[in-house]
Amino acid sequence: MSLQHKIDFAVILTVDHANPNGDPLNGNRPRTDYEGFGEISDVCLKRKLRDRLMDEGQTVFVQSDDRKVDGMPSLKTRAENETYGLGKAFDPAKGSNMDTVAETVVKKACAKWFDVRAFGQLFAFAKGAGSAGVSIAIRGPVTVQSAFSVEPVTVTSIQITKSVSGEGDGSKRGPDTMGMKHRVDKGVYVFYGSMNPQLAGRTGFSDADAAVIKGILPRLFENDASSARPEGSMAVHSVIWWEHNCAAGQYSSARVHKSLHVAPDGGFTIDGDATPNLKAEIIAGF
């Protein structure tokens, strides 16, 4: 059975001398908006969610290169392999019903991969080799917004030396080169998300799936350490979880999210008058 009640959630996280999300078009400096507030993109957050799902033993379609578990070299190969070549069935000359085959692809993909039935996915089957060529878009019921800092952040940049392997057989070390490393010294960020029962009905996203995401949110940055994000430099402070009493929701997500007020030290208050009869569950970070 798919998700029964609408769910809204918020995550408050702290950054301590780390680069939470570097911008590759800006020298990998931490992302900031034009007013100086720190930003972590929704794509970055969903990457971490997918990694934590894999830690929990869930099957994920969009796997990072360093965490592949099925040996597939690309998303294209994984899609073609796991959907049993259904893309090749799109051949009008053979009288195939495109709507029927598309529905079969959606069902198999959502049943196989947790992130597909949660976040959605676009499957594109190329034209040729017996295929008419078609794209199948799956809208996921779980949406995650970008995270923004509560206050403008200070970005510190330091110059470093780095060594790279030399040419040839690799026995010689290349010359040291100069580089830059950037970090946010201190910051408190917040991001919001929602789970929509209407869309969950199409993908099969269930109450049990929602419980899995609820369980991994407090551990979002576990097993995520790197030189840019040393162990312990990023942590979830609190997760706020609102479960409505109906599929349509007692209030709009905008109203629910705006009822949360976060202080620069990570403390927060919830305006209960804005959403009467909607109880917020507070979950401490790991």
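Note: the structure precedes this text.
Residues numbered from 1 in each chain as written. Predicted model: local features only at pLDDT ≥ 70, side-chain atom pairs only at ≥ 80, totals over all residues. Heavy atoms only, no water.

1. Points about helix α6 (residues 207-216)
Among all positions in α6, only Asp209, Ala210, Ile213 and Ile216 are buried. The arc that holds the buried residues of α6, viewed along the axis, is 130 degrees, so those residues lie on one side. Where α6 is buried, its residues touch β1 (7-18), α1 (42-55), α4 (114-119), β7 (142-144), β10 (177-195) and β11 (234-243). (Buried < 20%, exposed > 50% of the residue type's maximum accessible area, 1.4 Å probe, protein only. Helix = DSSP H or I, 4+ residues; strand = E, 2+ residues; numbered from the N terminus. Arc of directions from axis to C-beta. Contact = heavy atoms within 4.5 Å.)

2. Comments concerning the side chain of His182
If you trace the backbone, His182 turns up in strand β10. Within the local environment of His182, its side chain forms a polar contact with the side chain of Ser157, the two groups lying 2.7 Å apart. With sequence-adjacent residues up to four places away left out, His182 is seen in contact with Asn19, Gly27, Asn28, Arg29, Pro30, Val155, Thr156 and Ser157. (Polar contact = N/O pair within 3.5 Å; in protein donor to acceptor, adjacent residues only side chain to side chain.)

3. A look at the pattern of salt bridges
For the coordinates displayed, the defined rule picks out 15 salt bridges. Two residues, Arg50 and Asp115, come together in a salt bridge whose shortest N-O distance is 2.8 Å. Here Asp115 lies in helix α4 and Arg50 lies in helix α1, a separation of 65 residues in the sequence. For Asp115, a relative accessible area of 0% translates into the label buried. Note that Arg202 and Glu103 form a salt bridge whose closest N and O atoms lie 3.2 Å from each other. You can see Arg202 sitting in helix α5 (residues 197-203) and its partner Glu103 sitting in helix α3 (residues 98-112), a full 99 residues away along the chain. In this structure Arg202 comes out as partly exposed when scored by relative accessible area, which is 44%. When its relative accessible area of 30% is taken as the criterion, Glu103 is described as partly exposed. Linked by salt bridges that have partners in common, Arg47, Asp51, Arg52, Asp55 and Arg67 make up one network. (Salt bridge = Lys/Arg side-chain N within 4 Å of Asp/Glu carboxyl O.)

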